[in-house]
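Remarks on the overall topology
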Amino acid sequence: DGKLVFVKMYSPYCPHCREMAGAWNDLARHYAGRDDVLIGSVDCTDSPGGKRLCGRHRVMGLPHVLYGDGNHGGIFLEEYGGDKDFGSLRSWADEKLVPTCNPGRLDACTDEERVLVETFVAMSRSELAAAARALEGEEEDARGRFDESHRAMQRDHDAGLTEKEIKIAKAERSIRLIREVMATKQ
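Structural notes, computed from the coordinates. (Residues numbered from 1 in each chain as written. Predicted model: local features only at pLDDT ≥ 70, side-chain atom pairs only at ≥ 80, totals over all residues. Heavy atoms only, no water.)

**Structural notes on the pairing of strand S3 (residues 64–69)**
Formally: Using a 1.4 Å probe on the protein chains alone, a residue whose accessible area is under 20% of its type maximum counts as buried, one over 50% counts as exposed, and one in between counts as partly exposed. Helix and strand definitions follow DSSP, with helices as H or I runs of at least four residues and strands as E runs of at least two, each counted in order from the N terminus. Note: two strands are recorded as paired if DSSP finds a minimum of 2 bridges between them.
Within S3, six of the six residues are buried, leaving the element largely enclosed by the surrounding structure. Two elements, strand S1 (residues 4–10) and S3, share six bridges in a ladder whose sense is antiparallel. In the sheet register, Leu 4 faces S3, and the bridge partner there is Asp 69. Pairing geometry for S3 and strand S4 (residues 78–79), over two bridges, is antiparallel.

Next comes the structure, spelled out in structure tokens:
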């Protein structure tokens, strides 16, 4: 608890899992001295705990790599989608395995984030659900406005492109005619 985690969900029978095992073990050795970071592996096939954890995180394909804050049973974990060689894993982990603001890690929050988290903590579940719905509506509205703006820009671009092509075609026809007339005057 309280650690930043980078966890590989795997099966010993999976060829891709076996292929990345060396890089993963090197990464674990690289972070071995850090008490704030855990590089771990969970066998989704062997132990009941591993199967349960893989099911909880809806693991569909292997290897499946998750990262994030280990507080609150890992509910803040996200999926890692980068390359699985040691260099890529290490570079990514060095940059991303840093504390982020969440209810279990207020010390990583800015003053503004802390106020926001404390406001949310004081709310009931129904109030939180209503606030989330309202923000999702704002997000949807912003996406809709952007999409409409993008479509309008695309229409303007297409109209401008068509106008340009027509002008170029007219100019090329006129230039061809001028050259043909000039050739007859020699």
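Still to come is the rest of the account.
**Here's the deal with the packing of helix H1 (residues 15–30) against helix H4 (residues 86–96)**
Rule in force here: Interaxial angle, 0 to 180 degrees, is taken between N-to-C directions of lines fitted to C-alpha atoms, where a helix line uses only the stretch in contact. Working rule for angles: under 35 degrees goes down as roughly parallel, over 145 as roughly antiparallel, 65 to 115 as roughly perpendicular, anything else as oblique. Two helices that cross are described as forming a left-handed crossing if the nearer one is turned anticlockwise from the farther one by less than a right angle, and a right-handed crossing if clockwise. In what follows, a contact means two residues having at least one pair of non-hydrogen atoms within 4.5 Å. The residue classification treats Ala, Val, Leu, Ile, Met, Phe, Trp, Tyr, Cys and Pro as nonpolar and Asp, Glu, Lys and Arg as charged. All others, Gly included, are polar.
In contact at an axis separation of 9 Å, H1 and H4 are set at 40° when each is read in the N-to-C sense. Taken as axis vectors, H1 and H4 run oblique relative to one another. Handedness of the H1/H4 crossing: right-handed. Every residue of H4 that contacts H1 at Met 20, Ala 23, Trp 24, Asp 26, Leu 27 and His 30 is listed here: Phe 86, Leu 89, Arg 90 and Asp 94. In terms of residue class, the contact of H1 with H4 is made up of six nonpolar, one polar and three charged.

**Things to note about unusual backbone geometry**
In this chain, Leu 62 is followed by Pro 63 through a cis amide linkage whose omega measures -5°. Along the chain, Pro 63 turns up in the loop between helix H2 (48–56) and S3. Even without being a glycine, Arg 58 presents a positive backbone phi close to 50°. Relative to the assigned elements, Arg 58 resides in the loop between H2 and S3.

**Focus on a nonpolar patch on the surface**
Selection rule: To count toward a patch, a residue needs a relative accessible area over 30% and no salt bridge; like charges are then connected within 9 Å, while nonpolar side chains (Val, Leu, Ile, Met, Phe, Trp, Tyr) are connected within 5 Å. For the accessible areas, the method is Shrake-Rupley and the probe is 1.4 Å, while residue cover comes only from the protein chains on display. Salt bridges are defined by distance alone: a side-chain nitrogen of Lys or Arg within 4 Å of a carboxyl oxygen of Asp or Glu.
Among the surface-exposed residues, Leu 116, Phe 120, Leu 128 and Leu 135 lie close enough to one another that they form a single nonpolar patch of about 330 Å² accessible area. Breaking the nonpolar patch down by element, the ones donating at least two residues are helix H5 (111–121) and helix H6 (125–184). Along the chain, Leu 128 falls in helix H6.

**Brief notes about the sheet that holds S1**
The strand order S2-S1-S3-S4 describes an open sheet built from four strands, whose pairing is mixed. Unpaired on one side and paired on the other, strand S2 (37–43) and S4 mark the two borders of the sheet. Where H2 meets the sheet, its contacts fall on S1 and S2, and the angle it forms with S2 comes to roughly 105°.

**Digging into the pattern of salt bridges**
Evaluated as defined, the whole model comprises eleven salt bridges. Here Asp 26 makes a salt bridge to Arg 29, at a shortest N to O gap of 2.3 Å. Taken together, the residues span about one helical turn, with Asp 26 and Arg 29 both in helix H1 at a distance of three residues. A relative accessible area of 32% places Asp 26 in the partly exposed class.

**Thoughts on the side chain of His 64**
Position of His 64 among the secondary structure elements: in strand S3. Of the residues examined, His 64 reaches a relative accessible area of 10% and is grouped as buried. Leaving out residues up to four positions away in the same chain, His 64 has contacts with Val 7, Lys 8, Met 9, His 57, Val 59 and Glu 79.

**Concerning the nonpolar core**
Heads up, the condition is: Residues grouped as a nonpolar core are buried Ala, Val, Leu, Ile, Met, Phe, Trp, Tyr and Cys residues, joined through side-chain atoms within 4.5 Å.
In terms of nonpolar packing, the biggest core is built from 16 residues, with Phe 6, Trp 24, Leu 27, Ile 39, Tyr 80, Leu 89 and Leu 97 touching the most fellow members. Secondary-structure elements contributing two or more residues to this core are S1, H1, S2, S3 and H4. The dominant element in this core, judged by the number of residues it contributes, is H1, at four residues. If we skip the residues at most four places from it in the chain, Leu 89 touches Phe 6, Met 20, Ala 23, Trp 24, Leu 27, Tyr 80, Asp 83 and Lys 84. Counting residues in each nonpolar core, the second largest holds eight residues, with Val 7, Met 9, Val 42 and Cys 54 among its members.

**Section: the state of the cysteines**
By definition, a disulfide links the sulfur atoms of two cysteine residues through a covalent bond. This is how the line gets drawn: For this text, the term disulfide refers to a pair of cysteine sulfurs within 2.5 Å.
Summed over the entire model, instances satisfying the criterion amount to two disulfides. In this model Cys 101 forms its disulfide with Cys 109; the gap between the sulfur atoms is 2.1 Å. Between Cys 101 and Cys 109, the disulfide has an S-S torsion of 80° and is therefore right-handed. For Cys 101, a relative accessible area of 25% corresponds to the partly exposed category. A relative accessible area of 12% means that Cys 109 is categorised as buried. When the cysteines of the chain that form disulfides are numbered from the N-terminus onward, they connect as 1-2, 3-4.

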